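Examining the three-dimensional arrangement
Now for the letters of each chain:
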Amino acid sequence: MWNDFKAFAFKGNVLELAIAVVIGAAFGKIVSSLVENIITPIIGLIMGGVDFSGLAISVGDANVTYGVFIQSIIDFVIVAFAIFMFVRLLGRFKRKEEVKPEEGPTIDSKEELLIEIRDLLKQQNTPR
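Because the structure is predicted, anything quoted here is derived from the model rather than measured.

Considering the overall build of the protein chain
Across its full length, the protein chain carries 4 helices and 2 strands. Along the protein chain, helices and strands appear, N-terminal first, in the series α-α-β-β-α-α. Considering only C-alpha atoms, the protein chain reaches an extent of 105 × 55 × 25 Å along its principal axes. Burial statistics for the protein chain: of 128 residues in total, 6% are counted as buried. Computing the positive centroid from 13 side-chain charges and the negative centroid from 15, the protein chain places the two 5 Å apart.

Right, dumping it as structure tokens:
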């Protein structure tokens, strides 16, 4: 059983997945910081400092803070848009790398000579 577990745990796909999760978590912190510290304050200035998180309604003893939910939706849209723009930017860089001109096959002198001989033989065998 231990050998089977080791074979599963150290298989390439599992390790790659673990690395992706760790990098994804770190990237999530970067995106959250970008949204909270840069994008949200700028949007707040543009919108005149609107903050929905204080909106609430009291129903009996319960306090329904629907403003926090609205603010979470707005934050999600901002994060999704920021990630979309980042992926789009990466896609542009990737396309620029892929557009490299392809070089034709290089022909050495022996091949050139063989091509000339072939062409001459074709000309001689062509009926006139």
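This is not the end of the story, as more comes after the structure.
Here we look at a positive patch on the surface
Among the surface-exposed residues, Arg-88, Arg-92, Arg-95 and Lys-96 lie close enough to one another that they form a single positively charged patch. Here Lys-96 is to be found in helix H3 (residues 66-98).

Topic: the pattern of salt bridges
Taken as a whole, this structure holds 1 salt bridge when the rule is applied. Close ionic contact of Asp-119 with Arg-118 constitutes a salt bridge, the shortest N to O distance being 3.3 Å. By relative accessible area, which is 33% here, Asp-119 ends up partly exposed. Using a relative accessible area of 43% as the deciding quantity, one classes Arg-118 as partly exposed.

A closer look at the side chain of Gln-71
Tracing the backbone through its elements, the reader meets Gln-71 in helix H3. Apart from residues no more than four positions distant in its own chain, Gln-71 is found in contact with Asp-51, Phe-52 and Ser-53.

Observations concerning a nonpolar patch on the surface
On the surface, Phe-27, Ile-30, Ile-83, Phe-86, Val-87, Leu-89, Leu-90 and Phe-93 cluster together into a nonpolar patch covering about 710 Å² of accessible area. Those elements giving two or more residues to the nonpolar patch turn out to be helix H2 (12-46) and H3. Note on placement: Leu-90 falls in helix H3.

A closer look at the packing of aromatic side chains
What characterises a pair of aromatic rings is the spacing of the ring centres plus the angle enclosed by the ring planes. Considering all chains together, one arrives at 2 aromatic pairs under this definition. An angle of 40° between the planes, with centres 5.4 Å apart, marks the rings of Phe-27 and Phe-86 as tilted. With Phe-27 in helix H2 and Phe-86 in helix H3, the pair connects residues that are 59 residues apart, well separated along the chain. Aromatic side chains Phe-81 and Phe-84 sit 6.4 Å apart centroid to centroid with 35° between the ring planes, which places their arrangement in the tilted category. Within this pair, Phe-81 and its partner Phe-84 are both found in helix H3, separated by 3 residues, close to a single helical turn. For Phe-81, a relative accessible area of 51% gives the class exposed. Given the relative accessible area of 47%, Phe-84 is considered partly exposed.

Cut-offs and rules
Residues numbered from 1 in each chain as written. Predicted model: local features only at pLDDT ≥ 70, side-chain atom pairs only at ≥ 80, totals over all residues. Heavy atoms only, no water. Helix = DSSP H or I, 4+ residues; strand = E, 2+ residues; numbered from the N terminus. Buried < 20%, exposed > 50% of the residue type's maximum accessible area, 1.4 Å probe, protein only. Lys, Arg positive; Asp, Glu negative; His and termini not counted. Charge placed at Lys NZ, Arg CZ, Asp CG, Glu CD. Patch = residues over 30% accessible without salt bridge, like charges linked within 9 Å, V, L, I, M, F, W, Y side chains within 5 Å. Areas by Shrake-Rupley, 256 points an atom, 1.4 Å probe, with all protein chains shown as cover. Salt bridge = Lys/Arg side-chain N within 4 Å of Asp/Glu carboxyl O. Contact = heavy atoms within 4.5 Å. Phe/Tyr/Trp six-rings, centres within 6.5 Å; stacked < 30°, edge-to-face > 60°.

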